[in-house]
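An overview of the molecular structure
Spelled out, the chains give:
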Amino acid sequence: MKRFTLSMPVRYIINTVLIITLLLVGNQIMGSGILGRAQTAIIIQVGFFIILAVSLNMVTGYLGQLPLGHAGFMAVGAYAGALFWRAAVLPGMASVVGGLIVAGVAAAITGVIIGIPALRLRGDYLAIITLGFGEIIRVVLNNLDTITYGARGLRNIPRYSSFMLVYICVIVACGAIHMIMKSRHGRAILSIRENEIAAESCGINTTYYKVLTFAVSAFFAGVAGALFAGNIGILVPANFDFMTSINILMIVVLGGLGSMMGSVIAASVLTSLPLVLQPLNEYRMIIFSLMLIVVMIFKPSGLMGNYDFSMSRIIEKVVNRLRTGKTAGKLKSGK
Amino acid sequence: MSFALHLINGLQMGSIYALVALGYTMVYGIIKLLNFAHGDIIMVGGYIALFSLTLGRMPALLAALVTVAGCTLLAVIIEKLAYTPLRFAPRLSLLITAIGISILLQNLAQFFFTANDRGFPGHLLFPTGSVSIGGLSIAYTSIITVALSIASMAALHLLVKSTKLGKAMRAVSEDQGAAQLMGINVNHIITFTFAVGAALAGVGALLYSVRFPLIAPTIGAMLGLKAFVAAVFGGIGSIPGTMVGGYAIGLLEALVTAAGLSGWVDGVVFLLLIIVLMVRPTGLMGRPIMEKV
């Protein structure tokens, strides 16, 4: 008997319905005032950490490279978006969306500029060079006093980052990265991770795909940066130091390299942990780092490995199980 | 400040960078691990020196020995607990574990010693005062720093080039499997390499604390990164290259400061790193890596 599969349009409909329901339910809960101020703040924070983790996961998990300068892209996006919003060249909603796009594009351009030289190197050296670029971005932001106000901080950024805006961005980011990864381009990216030389000899333009992945990842990091700026309202370059890059990497690694679901779960858990573990706050970073070490020693692929959640697959599985169960029953009774 | 003084400062910092960078290079040379925790071992060394001088009221030499021994012990424990189980794991896992150890050490230090700066009594460790050469007054600490680091590096060079242990270290870094077949205990050699790197870090911790007499849980991070840049600049895995790299970074920083651009120092250091990696991806004296299919 033929296996039951859902066709692509049906899958997309299922996903869209699920996402819209979740978003509306979330918005209702946020608007209803059940949650306190701290909870609301954390939930919004979770949002941009999800974007950061998912975008970094694209380079680390899918492309198999290890950049250590993700906070640099976030910084470029944050400053670009914040300056655009402050200038208020467009009216209302157009300004909000425009700022996000400007942030993403600025970060993506930085990503290409950094990516072209950086991606000539591999492994450890790539990690080092991106770390260097990340630090340079921070130093430049610190010294461009006339534009960024340096260490004094860029103030009076309009606070646009509402729950709806942040989570629409989360969905767009996850959706876009998911679709890229399911496409032909995504398979090319995965093949580079598995074996770069083999991929190249199969006719895949590895440089092009590496830079593309880098740029897409930087784009979403930039968007997350702008959301971050719109959330706290003040930017200082120290927000984007090496430790921030490491924090994002920690989320990706704990969640599982190459698992979007892992990134989302890890971002949510690690960001909201301080709220739950209020009395343990002093030990928070100690627990995190111990977790990281223990996970690396006992499950180097991260908590989720490269497992990804798919509603359609679960439905298919259930339907198939039911059907085969029935036929098996018939066969038995026939005997 | 005159230009000559800037140069002396650069030499002093360069000596410290070179010592710290050697720790990175030795570990990278032997197990291809970027030991991110190295900078934080120096931070712990700073605290050990501080407490043995103030709370323990130890004489300078004893405090120095305790610091070096403490750093060595810490590195060996880290290697045994965290790195040995990952000997055959993917390199990425090892790297992330090292980052984890680095965060752990920083936060443990913050937990036990608070995040506040603590003044370091440098005068208890090295003699104060200065000597005047050609109208230029040079602090004793600068001279001691440069001399001590050159002596340590010379000792390291002798160890690696002309002892049996050094030979074994070189063999393991060349080819672990073959070294094992020749009857070398690879595990012991790797632990020993970590220990030597950390001992140098201990000396580095003393010199650094005297140069910047404020100890805080985060001092190791930037020092570690810079020393790491020095190691990559000179060619990570190559001992003479690393020494050159250390002095180059120290002098470069001094020159940038002398030019009145002290806010840009970190940026220039990392820019240099990027240029070097672009032109010679394995550093000034690193061996090129051949890729096999």
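Computed from a predicted structure; not experimentally measured.

Looking now at the overall build of chain A. Check the secondary structure of chain A and you find 14 helices and zero strands. Mapped from its N terminus to its C terminus, chain A presents α and β elements in the order α-α-α-α-α-α-α-α-α-α-α-α-α-α. Computed over the C-alpha atoms, the radius of gyration of chain A is 22 Å, within 12% of the 20 Å expected from 2.2 N^0.38 for a compact globule of 335 residues. Seen along its three principal axes, the alpha-carbon backbone of chain A occupies a region of about 85 × 55 × 45 Å. Going through the 335 residues of chain A one by one, you find that 50% of them count as buried. Counting only contacts in chain A whose residues sit at least 6 apart along the sequence, the fraction spanning at least 24 positions is 80%. Just so you have it, chain A exposes about 15600 Å², and 67% of that area is on carbon and sulfur atoms.

With that out of the way, let us pick up the confidence of the model for chain A. Here chain A averages 84 in pLDDT, and 96% of its residues register 70 or above. Considering each helix and strand of chain A separately, the mean pLDDT is smallest for helix α14 (residues 311-334) of chain A, with a value of 70, and largest for helix α10 (residues 206-232) of chain A, with 92.

With that settled, the discussion passes to the environment of Thr-271 of chain A. All names here are of chain A. Along the chain, Thr-271 turns up in helix α12 (residues 260-276). The exposure class assigned to Thr-271 is buried, which follows from its relative accessible area of 7%. Between the alpha carbons of Thr-271 and Met-181 there is a distance of 26 Å; along the sequence they are 90 residues apart.

Residues and elements named next belong to chain A. Regarding helix α8 (residues 184-194), the residues found buried are Gly-186, Ala-188, Ile-189 and Ile-192. Projected down its long axis, α8 carries its buried residues within an arc of 160°, all on one side. Exposed and facing more than 90 degrees away from the buried side of α8 are Arg-184, Arg-187 and Glu-194. Contacts made by the buried residues of α8 are with α2 (37-62), α7 (163-182), α9 (196-201) and α10. Two to three positions downstream of the cap, the backbone nitrogen of His-185 sits 3.2 Å from a side-chain oxygen, assigning the N-cap of α8 to Ser-183.

With that settled, consider the packing of α7 of chain A against α10 of chain A. All names here are of chain A. Where α7 contacts α10, the two axes come as close as 11 Å, and the packing angle between them is 175°. In terms of orientation, α7 and α10 fall into the roughly antiparallel class. Contacts between α7 and α10 involve Leu-165, Val-166, Cys-169, Ala-173, Ala-176, Ile-177 and Ile-180 from the former and Val-216, Phe-220, Val-223 and Leu-227 from the latter.

With that settled, consider the pattern of salt bridges. Residues and elements named next belong to chain A. The full count for this structure, using the stated rule, is seven salt bridges over all chains. As a salt-bridge pair, Glu-316 and Arg-11 come within 2.7 Å of each other at their nearest N and O atoms. Remark: Arg-11 occurs in helix α1 (residues 8-32) and Glu-316 occurs in helix α14; sequence separation between them is 305 residues. A relative accessible area of 22% places Arg-11 in the partly exposed class. Measuring nitrogen to oxygen at the nearest pair gives 3.0 Å for the salt bridge that ties Lys-210 to Glu-196.

Basis of the calculations
Residues numbered from 1 in each chain as written. Chains lettered and ligands numbered in written order. Predicted model: local features only at pLDDT ≥ 70, side-chain atom pairs only at ≥ 80, totals over all residues. Heavy atoms only, no water. Helix = DSSP H or I, 4+ residues; strand = E, 2+ residues; numbered from the N terminus. Rg over C-alpha atoms; globule rule 2.2 N^0.38 Å. Buried < 20%, exposed > 50% of the residue type's maximum accessible area, 1.4 Å probe, protein only. Contact = heavy atoms within 4.5 Å. Areas by Shrake-Rupley, 256 points an atom, 1.4 Å probe, with all protein chains shown as cover. pLDDT = per-residue confidence, 0-100. Arc of directions from axis to C-beta. Polar contact = N/O pair within 3.5 Å; in protein donor to acceptor, adjacent residues only side chain to side chain. Axes fitted to C-alpha atoms, helices over the stretch in contact; angles between N-to-C directions. Parallel < 35°, antiparallel > 145°, perpendicular 65-115°, else oblique. Salt bridge = Lys/Arg side-chain N within 4 Å of Asp/Glu carboxyl O.

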